[in-house]
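Here is how the chains run, residue by residue.
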Amino acid sequence: MWSILVWTGALVVIFITHWVYSWRNPKCNGKLPPGSMGLPLIGETLQFFSPNTSSDIPPFIKERMQRYGPVFRTSLVGRPVIISTDPDLNYFIFQQEGQLFQSWYPDTFTEIFGKQNVGSLHGFMYKYLKNLVLNLFGPENIKEELLPQVEQFAQKNLHLWSSLDSVELKEAFATMIFDLTANKLISYDSTKSRDNLRESFVAFIQGLISFPLDIPGTAYHKCLQGRKRAMKLLKEMLHERRAMLEKRKGRGDFFDYVLEELAKEGTILTEAIALDLMFVLLFASFETTSLALTLALKLLSDNPSVLNELTEEHEKILSSRENVDAGVTWKEYKSMTYTFQVINETVRLANIVPGIFRKSLREIQFKGYTIPTGWAVMVCPPAVHLNPAKYNDPIAFNPKRWEGMELNRATKNFMAFGGGMRFCVGTDFTKVQMAIFLHCLVTKYRWTTIKGGDIVRTPGLAFPNGYHVRISETHK
Ligand code: HEM
Ligand SMILES: *[C@@H]1O[C@H](CO)[C@@H](O)[C@H](O)[C@H]1NC(C)=O
Ligand SMILES: *[C@@H]1O[C@H](CO)[C@@H](O)[C@H](O)[C@H]1NC(C)=O
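Colleague: What exactly am I supposed to notice about the nonpolar core here?
Modeller: Nonpolar side chains in soluble globular proteins tend to end up buried together. Within the largest apolar cluster, 111 residues are counted, with the highest numbers of intra-cluster contacts made by I186, L197 and F437. For this core, the element with the most residues is helix 12 (residues 271-302), which contributes 18 residues. Those residues in contact with I186 that sit more than four places away from it in its chain are L197, L234, M237, R241, D253, F255 and M278. By size, the runner-up hydrophobic cluster in this structure holds 19 residues, among which are M37, F101, W375 and V377.

Colleague: Explain the environment of T181 to me, please; I cannot follow it from the model alone.
Modeller: With respect to the element layout, T181 can be found in helix 8 (residues 169-186). For the pair T181 and F283, spaced 102 residues apart in sequence, the C-alpha to C-alpha distance is 9.6 Å. Those residues in contact with T181 that sit more than four places away from it in its chain are F137, L281, L282, S285 and F429.

Colleague: Teacher, can you tell me more about helix 4 (residues 87-95) here?
Modeller: Along an α-helix, a turn takes 3.6 residues, which lines up residues three or four apart on a common side. Inspection of helix 4 places L89, N90, I93 and F94 among the buried residues, and these make up the whole buried set. With its buried residues spanning 135° around the axis, helix 4 presents them on a single face. Two or three places before D88, at the opening of helix 4, D86 has a side-chain oxygen 2.8 Å from that residue's backbone nitrogen.

Colleague: Teacher, can you tell me more about the coordination of the iron atom of ligand 1 here?
Modeller: Among protein atoms, the single one acting as a donor to the iron atom of ligand 1 is C424 (SG), 2.2 Å away. On the secondary structure map, C424 appears in the loop between helix 16 (381-385) and helix 17 (427-444).

Colleague: What is the right way to read the pairing of strand 5 (residues 356-360) from this model?
Modeller: Successive residues of a regular strand alternate their side chains across the two faces of the sheet. Within strand 5, four of the five residues are buried, leaving the element largely enclosed by the surrounding structure. The sheet contact formed by strand 3 (residues 101-103) and strand 5 spans three bridges and is antiparallel. When the sheet's bridge partners are listed, S103 is paired in strand 5 with R358. When strand 5 meets strand 8 (residues 376-379), the two strands line up antiparallel, connected through four bridges. Within strand 8, the residue paired with K359 across the bridge is A376.

Colleague: What is the right way to look at helix 7 (residues 139-161) in this model?
Modeller: The sharpest bend along helix 7 reaches about 60° and sits at L146, with the proline P148 one to four residues further on. Of the residues making up helix 7, those classed as buried are N141, I142, L146, L147, V150, E151, F153, A154, N157, L158 and W161.

Colleague: Whenever I open this one, the site of ligand 2 confuses me. Can you help?
Modeller: The local shell around ligand 2 consists of N52, T53 and P59. Measuring from an oxygen atom of ligand 2, one finds a side-chain N or O atom of T53 at 3.1 Å. Here ligand 2, which alone exposes 360 Å², has 35% of that area covered by the protein.

Colleague: It is not clear to me how the pattern of salt bridges should be interpreted in this structure. Could you clarify?
Modeller: A side chain of one charge can pair with a side chain of the opposite charge if their charged atoms are brought near each other. Summed over all chains, the structure comprises 22 salt bridges. Here K170 and E287 are joined by a salt bridge, their closest N and O atoms 3.3 Å apart. Placement of the pair is K170 in helix 8 and E287 in helix 12, with a sequence separation of 117 residues. In this structure, R348 and E345 form a salt bridge, with 3.0 Å as the shortest nitrogen-oxygen distance. One end of the pair, R348, and the other, E345, are both in helix 15 (residues 337-350), three residues apart, so they sit about a helical turn from each other. E345 shares its class with R348; the two are buried. The network of salt bridges with common partners includes D86, D88, K367 and K412.

Colleague: Help me out: how do you make sense of the packing of helix 8 against helix 12 in this one?
Modeller: When two helices pack together, their arrangement is given by the angle between their axes and by how far apart the axes lie. For the pair helix 8 and helix 12, interaxial distance at closest approach is 8 Å and the crossing angle is 145°. The two elements helix 8 and helix 12 meet at a crossing, and its hand is right-handed. Between helix 8 and helix 12, the contacting residues are L169, K170, F173, A174, M176, I177, F178, T181, A182, L185 and I186 on the first element and M278, L281, L282, S285, F286, E287, T289, S290, L291, L293, T294 and L297 on the second. When its residues are assigned to classes, the contact of helix 8 with helix 12 shows 16 nonpolar, five polar and two charged.

Colleague: Help me understand the sheet that holds strand 2 (residues 79-84), please; the structure alone is not making it clear to me.
Modeller: Strands pair in a sheet through their backbones, by hydrogen bonds, and they do so in one of two ways: parallel or antiparallel. The strand order across the open sheet formed by five strands is 1-2-8-5-3, and the pairing between neighbours is mixed. Edge strands, defined here as strands with exactly one partner in the open sheet, are strand 1 (71-76) and strand 3. If you compare each strand with its neighbour and ignore which way they point, the axes differ by 35° on average. Bridging between strand 1 and strand 2 involves six bridges; their strand directions are antiparallel. Of the residues in strand 2, the one forming a bridge with F72 is I83. Where helix 3 (residues 59-68) meets the sheet, it contacts strand 1, strand 2 and strand 8, and its direction lies at approximately 135° from that of strand 1. Contacts from helix 4 reach strand 1, strand 2, strand 3, strand 5 and strand 8, with the element oriented near 120° to strand 8.

Colleague: Honestly, the environment of M278 in this entry has me stumped. Any pointers?
Modeller: Position of M278 among the secondary structure elements: in helix 12. Between the alpha carbons of M278 and F255 there is a distance of 9.1 Å; along the sequence they are 23 residues apart. The contact partners of M278, leaving out residues within four places of it in the chain, are L185, I186, L234, F254, F255 and V258.

Colleague: How should the packing of aromatic side chains be read in this particular structure?
Modeller: With the rule as written, the count across this model stands at 16 aromatic pairs. Here the aromatic rings of Y333 and F340 are separated by 5.4 Å at their centres, their planes lie at 75°, and the arrangement is edge-to-face. Taking the relative accessible area as the measure of exposure, Y333 reaches 5% and is therefore buried. Seen in terms of ring centroids, W402 and F414 are 5.0 Å apart; in terms of plane orientation they differ by 80°. Their pairing is edge-to-face. Remark: F414 occurs in the loop between helix 16 and helix 17 and W402 occurs in the loop between helix 16 and helix 17; sequence separation between them is twelve residues.

Colleague: Help me out: how do you make sense of unusual backbone geometry in this one?
Modeller: Leaving glycine aside, a negative phi is the common case for residues, and trans is the common case for peptide bonds. Looking along the chain, the bond that leaves T458 and enters P459 is cis, with omega of -15°. The residue P459 is located in the loop between strand 10 (456-457) and strand 11 (461-462) in this model. Despite not being glycine, S187 has its phi angle at roughly 50°, a positive value. Given the relative accessible area of 22%, S187 is considered partly exposed. Of note in this structure, D393 is not a glycine but carries a positive phi near 50°.

Each value, and the rule that gives it
Residues numbered from 1 in each chain as written. Chains lettered and ligands numbered in written order. Predicted model: local features only at pLDDT ≥ 70, side-chain atom pairs only at ≥ 80, totals over all residues. Heavy atoms only, no water. Core = buried A, V, L, I, M, F, W, Y, C linked by side-chain atoms within 4.5 Å. Buried < 20%, exposed > 50% of the residue type's maximum accessible area, 1.4 Å probe, protein only. Helix = DSSP H or I, 4+ residues; strand = E, 2+ residues; numbered from the N terminus. Contact = heavy atoms within 4.5 Å. Arc of directions from axis to C-beta. Polar contact = N/O pair within 3.5 Å; in protein donor to acceptor, adjacent residues only side chain to side chain. Donors = N, O, S within 2.8 Å, 3.2 Å for Na, K, Ca; no water. Pairing = 2+ DSSP bridges. Bend = angle between axes of the 7 residues up to and from the residue. Near = heavy atom within 4 Å. Areas by Shrake-Rupley, 256 points an atom, 1.4 Å probe, with all protein chains shown as cover. Salt bridge = Lys/Arg side-chain N within 4 Å of Asp/Glu carboxyl O. Axes fitted to C-alpha atoms, helices over the stretch in contact; angles between N-to-C directions. Left-handed = near helix turned anticlockwise from the far one by under 90°. Nonpolar A, V, L, I, M, F, W, Y, C, P; charged D, E, K, R; others polar. Phe/Tyr/Trp six-rings, centres within 6.5 Å; stacked < 30°, edge-to-face > 60°.

Shown next as structure tokens:
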């Protein structure tokens with residue numbers, strides 16, 4: 001009896017030791033990049049997500065770069081991951097999309113964004129969806145349609161905010177951008193609708209970066225519930241539209257387009273894919289751009305000389321117009337040189353996307369290291385954007401550093417919107433929203449900080465106490 005227990009005990013110990021050993025020393029046909037796999041199962045997940053208030057390269061990354069060099073291994077959310085801060089490897093990863101690497105996000109993300117979201121799709125379906133999105137948010141449509149609409153939304157909201165004692169900018173921007181995007185996608189009007197679509201998204205965001213434990217009470221559970229509610233609303237709206245469409249001609253938004261595509265014979269689009277895409281677009285558009293705009297105002301308020309130069313650029317545009325109240329033209333928009341430098345500098349420092357994930361499809365050799373097949377690879381934009389060898393005094397907000405930067409190939413050193421084939425389809429839309437909002441703001445209003453504006457990174461950017469300001473109209 002005893003000997004059986006002892007034997008079983010010994011076997012369990014051997015098994016566990018072996019398991020822990022192979023956890024720490026993953027199989028590899030060559031030399032793995034250096035690094036630690038952390039604790040069994042959770043790896044270094046907790047260290048990775050640990051909050052920090054610094055604007056520099058996240059301490060998790062910085063410490064490991066110092067200890068191991070620019071490429072190292074770790075384990076996050078149950079997966080072995082290679083983290084790259086090496087410009088050549090980053091470039092290689094982006095160029096090899098679909099060949100040696102493939103877009104990949106942790107299972108929790110696919111659970112949240114849907115198994116058929118753009119990030120998880122490849123090949124033909126992916127190209128099809130990308131074209132769909134570009135039709136709506138690409139440069140052509142911005143020039144023809146979006147520019148005046150963006151200006152109208154900015155003016156309307158600024159006017160409203162200036163009547164309030166205090167505005168929390170992160171929330172205010174999120175609402176403004178959500179309303180604009182939802183209006184373009186599904187003709188959604190928050191003031192007229194009985195369902196509060198955005199509320200589901202708020203619950204959703206709070207749990208987005210959380211430990212994936214799906215039991216009542218956890219942030220992750222609330223997040224999944226939020227997604228469920230939003231998806232249900234979107235589905236109902238789509239069905240409502242289908243019923244209406246038979247009676248009248250479409251309004252030409254994304255819903256109409258989707259219904260038209262779904263009705264085509266032999267179409268590859270399905271309702272589930274279309275709904276997943278709509279969800280991703282609504283989310284991707286307002287969460288990212290609202291963070292960028294909030295940070296822009298915070299940085300401008302901390303750097304009055306930049307704000308002055310920006311204001312000058314926009315006043316010059318007004319003073320060379322025949323009718324000051326005419327809307328911004330495409331030509332004027334294109335002439336906002338300094339504004340685009342401010343935008344580049346803001347998104348460089350914002351590092352809204354702290355990691356871009358891929359999966360290796362084959363064994364890859366790089367500078368003497370081997371990346372095994374099926375491993376996750378994370379490109380780390382903050383390490384690129386805050387590299388003192390490429391950006392002098394990297395933490396300083398200095399838009400002028402972009403002067404003449406177009407000449408040298410900035411792409412290797414700038415990846416706020418990603419790179420290669422999967423470059424962000426919302427880049428132009430983001431830029432037009434930021435530039436036009438800044439135009440409306442600095443030509444007609446000024447703002448004073450009331451409280452907040454502190455940032456924290458987990459490692460994604462957040463404003464834990466918001467950024468509360470008072471906006472007032474300037475009288476000339
Ligand atoms: C400041 C604002 C934004 C930032 C920093 C940002 C950043 C990024 C990054 C880094 C990627 C690449 C992800 C990867 O390679 O895996 C990406 C992809 C994407 N973004 Fe954005 N984005 C922003 C705004 C937007 C907006 C406004 C939209 C919607 C209109 C949007 C829609 C998308 C979509 C659909 C993809 C996936 C593209 C693909 O997989 O090919 N983004 N974004
Ligand atoms: C942030 O990181 C720095 C550098 O590793 C560290 O000294 C600091 O204690 C961290 N914590 C917070 C809350 O910022
Ligand atoms: C902003 O960065 C992009 C990407 O590197 C670059 O192509 C563009 O010229 C930059 N804009 C300005 C105004 O420097």
